[in-house]
Structure formats: C-alpha cells, structure tokens
Amino acid sequence: MALLWKYGVPGHTVSLLEQMYAETWCRVKLEGEVSERFDVQTGVRQGCVLSPILFNCYMDNIMREAVESTAASAITPTKSCT
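Residues numbered from 1 in each chain as written. Predicted model: local features only at pLDDT ≥ 70, side-chain atom pairs only at ≥ 80, totals over all residues. Heavy atoms only, no water.

**Description of the side chain of Thr-24**
- As for its placement among the helices and strands, Thr-24 is situated in the loop between α2 (11-21) and β1 (25-26).
- Classification of Thr-24 as buried rests on a relative accessible area of 16%.
- Only 2.7 Å separates the side chain of Thr-24 from the backbone oxygen of Tyr-21, close enough to count as a polar contact.
- A distance of 3.3 Å separates the side chain of Thr-24 from the side chain of Arg-45, its partner in a polar contact.
- With residues near it in sequence (within four places) discarded, Thr-24 still touches Phe-38, Asp-39, Val-40 and Arg-45. (Helix = DSSP H or I, 4+ residues; strand = E, 2+ residues; numbered from the N terminus. Buried < 20%, exposed > 50% of the residue type's maximum accessible area, 1.4 Å probe, protein only. Polar contact = N/O pair within 3.5 Å; in protein donor to acceptor, adjacent residues only side chain to side chain. Contact = heavy atoms within 4.5 Å.)

Structure (structure tokens):
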C-alpha cells in the first residue's frame, strides 16, 4: 500500500484499504466440493468497485519503472537488420 502514498492518497484512505484487505481468505468450489479456506496474499478483490483503480495504480507504476530502467540503460542494437 506504500505505492498509494506515492500517488498522494490520503493516509486515512490508505489505512481503510489496509483494513479492508487484512486477513483476506477464500475457498474454491469445484464440482460441488468446497476447499479448505486459505489466505489471499496478493491481488485485488473481485467485484469491488475500487479494484480497477488499485490495479491501474500498480500497473502504472510497473510501466513507469520499466520505461525509466530502459531509458537509463540506453539499449543499443548489436546487429544490423540489413
């Protein structure tokens, strides 16, 4: 959730999101059988209206870091295409 601070999300909102995602667990239903519950460590909640926004924030950060690292390394071709 530290990334949300970087995007300027207020501290109380970050705290609410942390509480919302704390101790998240689920079960899987397959062919009528329900699994034991297990902890969810990553991801966003399915069906939550905030999930697309959270996903986009994290993807934006990943893309920014990729572009910055590519620009910093100054990739140059080693072979000619001709």
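**Comments concerning unusual backbone geometry**
- With phi around 55°, Glu-23 is a residue other than glycine that occupies positive phi space.
- Residue position: Glu-23 is located in the loop between α2 and β1.
- With relative accessibility at 77%, the residue Glu-23 sits in the exposed group.
- Its identity as a non-glycine residue notwithstanding, Glu-31 has a phi of 50°, on the positive side.
- With respect to the helices and strands, the residue Glu-31 is situated in the loop between β2 (29-30) and β3 (33-34).

**Side note on a nonpolar patch on the surface**
- There is a patch of nonpolar side chains on the surface, built from Val-44, Phe-55, Met-59, Ile-62 and Met-63 and spanning about 460 Å² of accessible area.
- Looking at the secondary structure, you find Met-63 in helix α3 (residues 51-73). (Patch = residues over 30% accessible without salt bridge, like charges linked within 9 Å, V, L, I, M, F, W, Y side chains within 5 Å. Areas by Shrake-Rupley, 256 points an atom, 1.4 Å probe, with all protein chains shown as cover. Salt bridge = Lys/Arg side-chain N within 4 Å of Asp/Glu carboxyl O.)

**What to know about α2**
- Taken residue by residue, α2 has Val-14, Leu-17 and Tyr-21 as its buried positions. Around the axis of α2, the buried residues are gathered within 60° of arc, so they sit on the same side. Exposed residues pointing more than 90 degrees away from the buried face of α2 are listed as His-12, Leu-16 and Gln-19.
- A positive backbone phi angle near 55° is found at Glu-23, which sits one or two residues after α2. (Arc of directions from axis to C-beta.)

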